[in-house]
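Spelled out from the first residue to the last, the chains are:
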Amino acid sequence: GVDSLAGYADVFQRNVDASGVVPQISLVMGPCAGGAVYSPAMTDFLFMVEQSSYMFVTGPDVVRTVTKEEVSKEDLGGTSVHTVKSGVAHGAYANDVAALRAMRKLLDYLPSSNEKSTLPSKPTEDSPLRSCDALKYLVPDDPNTPYDMKHVISSIVDNHDFFEILPNYASNIVTAFARMEGQTVGIVANNPLTLAGCLDIGSSTKAARFVRFCNAFNIPIVTLVDVPGFLPGVGQEHGGIIRHGAKLLFAYAEATVPKVTVITRKAYGGAYDVMSSKHLRGDCNYAWSGAEVAVMGAKGAVEIIFRGKDVEQNTAEYQQRFANPMVCAQRGFVDDIIEPEETRRILCDDLRLLRNKKMDVHKRKHSNIPL
């Protein structure tokens, strides 16, 4: 009866009280329905087990009665739904043992509380001076050809190892934990392999939640940028891309942890601002030598400016003038233009320098992020 509802609410309150104080992880290994779903949903990370776990507020029988829709438990709230479509679950594993192993690996990256002294540090033989030679040839010459940003992450982090969060949801952005010089870092990276790396509703909310977690637990944030802008379309606009995109901007702007950013290829329009730019109090911002920082791509800009006249000639002139990071560097919006193979060494140097970063913030009860 009502006592069970009171019990739910008591648990919810404890979830909220612990939020931002200690990391919270939920493992759903069986049915989770009704009010019970909200406790794991409020924790920082949620893992499910394939074929045996499911989550929904109202089950198939209620759905059938109210909406006349026929749906199975798996199709309504199984792992394929929550790890790909809804983004409720951060990962799904074949069995209970695999889920427990994943949880233990994640815990290895996390501090035990929001006290900075609890951040884990692991000795490593991977030198911070290691050159990432493979990165010299990773980014294609054609700016419209995709590549996998996970290869960049793997190249620059300790032992080429990282733990990805929400790998199957909004895969146009990668969120992951890794180590650099043995210290935990949070990685946020656009992935051109999906939607050309554009920011959309799903990727914005996914990255914003991750950035806020890192900030709450003093984990430095490394941002890798290759973003041609926000995804255009009626569905995105009607779905609230303005509000959802603002979440990521807000999360980066309020973060006081060390923030180091590398532009690998494109950084266009408002998406350049959002992705931990210097203007959002980024500590160290770099661009690879072949990067482009501009309001928009050359083709789109030329069509607007010259109304379709002499497109090829004007595009070539625009590219020569703006399709490089020099203008941005001249204004101090990036600290340096670097070669790709130097990325790991430079990031390790900066993170070491920023390890004791302190930042004053305005006194207030709390900020009001556009939820």
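The structure we're discussing is the one just above.
Rules behind the numbers
Residues numbered from 1 in each chain as written. Predicted model: local features only at pLDDT ≥ 70, side-chain atom pairs only at ≥ 80, totals over all residues. Heavy atoms only, no water. Salt bridge = Lys/Arg side-chain N within 4 Å of Asp/Glu carboxyl O. Helix = DSSP H or I, 4+ residues; strand = E, 2+ residues; numbered from the N terminus. Buried < 20%, exposed > 50% of the residue type's maximum accessible area, 1.4 Å probe, protein only. Pairing = 2+ DSSP bridges. Axes fitted to C-alpha atoms, helices over the stretch in contact; angles between N-to-C directions. Contact = heavy atoms within 4.5 Å. Phe/Tyr/Trp six-rings, centres within 6.5 Å; stacked < 30°, edge-to-face > 60°.

On to the pattern of salt bridges, then. Proximity of charged atoms lets side chains of opposite charge pair with each other. Applying the stated rule across the entire model yields 16 salt bridges. A salt bridge links D61 to R64; the nearest nitrogen and oxygen atoms lie 3.0 Å apart. Taken together, the residues D61 and R64, both in helix α3 (residues 60-67) and 3 residues apart, mark about one turn of the helix. Its relative accessible area of 53% is what places D61 among the exposed residues. In this structure, D349 engages R345 in a salt bridge whose closest nitrogen and oxygen atoms are separated by 3.8 Å. One end of the pair is D349 and the other is R345, both in helix α15 (residues 343-353) and 4 residues apart, which spans about a single turn. On the basis of relative accessibility, which here comes to 29%, the residue D349 falls in the partly exposed class. Beyond isolated ion pairs, a larger network of salt bridges with shared partners links D126, R130, D158 and R344.

Neighbouring strands of a sheet are bound in pairs by backbone hydrogen bonds; such pairs are parallel or else antiparallel. Taken together, the 3 strands give an open sheet; going across it, the order is β1-β3-β5, and neighbouring strands pair in parallel fashion. At either end of the open sheet lies a strand with only one pairing partner, and these are β1 (25-28) and β5 (91-93). Each strand axis lies, on average, 20° off the axis of its neighbour in the sheet, ignoring direction. As paired elements, strand β3 (residues 45-49) and β5 share 3 bridges and run parallel to each other. Considered in β5, the bridge of F47 is made with G91. The strands touched by helix α6 (residues 96-109) within the sheet are β1, β3 and β5, with β3 carrying the most contacts at an inclination of about 160°.

Here we take up unusual backbone geometry. In this structure, N159 takes a positive phi of about 55° despite not being glycine. With respect to the element layout, N159 can be found in the loop between α7 (149-156) and β6 (162-165). Phi is positive for L195, close to 55°, though the residue is something other than glycine. Of the residues examined, L195 reaches a relative accessible area of 42% and is grouped as partly exposed.

Considering all chains together, one arrives at 10 aromatic pairs under this definition. For the ring pair Y8 and F12, a centre distance of 6.2 Å and an interplane angle of 10° mean the geometry is stacked. With Y8 and F12 both in helix α1 (residues 2-18) and 4 residues apart, the pair spans about one turn of that helix. Looking at Y8, the relative accessible area reads 30%, which means it is partly exposed. Ring geometry for F213 and F217: centres 4.8 Å apart, planes at 40°, overall tilted. Classification of F217 as buried rests on a relative accessible area of 1%. Joined through ring pairs, the aromatic side chains of F45, F177, F210, F213 and F217 make up one cluster.

Neither face of β6 is left uncovered, since the one carrying F162 and E164 and the one carrying F163 and I165 both have all their residues buried. Sheet topology places β6 next to strand β7 (residues 173-180); 4 bridges connect them, and they run antiparallel. Counted as the bridge partner of F163 is F177 from β7.

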